Amino acid sequence: MQGSRRARLTALTLAALTFTVGAPAQGSAQTLEQFYKGKLLDLEIGYPTGGSNDAYGRLLANHLGKHIPGTPNIVPRNVPGAGSFLAVNRVFSTLPKDGTVIGLGAPTLALDEKLGSQGVRFKTAELNWVGRVDSLINIVFMWHTSKVKTFADAQKYESTLSGTGAGSTVSI
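Draft legend 1. Up close: the overall build of the protein chain. Secondary structure assignment for the protein chain yields six helices and five strands. If you list the helices and strands of the protein chain from N to C, you get α-β-α-β-α-β-α-β-α-β-α. Considering only contacts in the protein chain between residues 6 or more positions apart, those separated by 24 or more positions represent 76%. Approximately 10,800 Å² of the protein chain is accessible, and the part contributed by carbon and sulfur atoms is 56%.

Structure representation (structure tokens):
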């Protein structure tokens, strides 16, 4: 119970998540510097090119390698689709689990998993969480002629909202 609670709290605390699967163990025959020296690390960005998450991912790719022993080069790759689920599913299921793959996915991954969202084929408790790129602040706004002026109004009146995709943080 304690481990499950801890994993859930960790996952829910992180926003704009970066993660890696299967990082090399500290007790291996190689040092981390030896392992990463001259390597290319893949950064799977779960969003299309040109958006803010792509910009964050590319900025991360440009700088993160300098802070990893052995200073590996990090190659960003956009894998858009399903609110970043496609990229996260690839990292979780099919890509190498040797510490050479990092992913950038939605800050709602743990919530999406818990809610049983369509397309989730990953287990957030089995990912190694590295950190976050930014804090996420979503804003909902209405046109000035709408009946909805307050949060209480939003609970009373039905309104049509738009979002960027079915699995996006906006739609959640």
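Draft legend 2. Examining the packing of aromatic side chains more closely. What the rule picks out here adds up to two aromatic pairs. Ring geometry for Phe 35 and Tyr 36: centres 4.8 Å apart, planes at 85 degrees, overall edge-to-face. The exposure classification of Phe 35 matches that of Tyr 36, with both residues buried. Where Phe 85 meets Phe 122, the ring centres are 5.8 Å apart and the plane angle is 70 degrees; that geometry is what we call edge-to-face. In this pair, Phe 85 is assigned in helix 4 (residues 85-93) and Phe 122 in the loop between helix 5 (109-115) and strand 5 (128-132), connecting sequence segments 37 residues apart. As far as the burial class goes, Phe 85 and Phe 122 line up, both buried. One residue, Lys 39, lies across the ring of Phe 35, its end atom 3.5 Å from the ring centre.

Cut-off values and rules
Residues numbered from 1 in each chain as written. Predicted model: local features only at pLDDT ≥ 70, side-chain atom pairs only at ≥ 80, totals over all residues. Heavy atoms only, no water. Helix = DSSP H or I, 4+ residues; strand = E, 2+ residues; numbered from the N terminus. Contact = heavy atoms within 4.5 Å. Areas by Shrake-Rupley, 256 points an atom, 1.4 Å probe, with all protein chains shown as cover. Phe/Tyr/Trp six-rings, centres within 6.5 Å; stacked < 30°, edge-to-face > 60°. Buried < 20%, exposed > 50% of the residue type's maximum accessible area, 1.4 Å probe, protein only. Lys NZ or Arg CZ within 6 Å of the ring centre and 35° of its normal.

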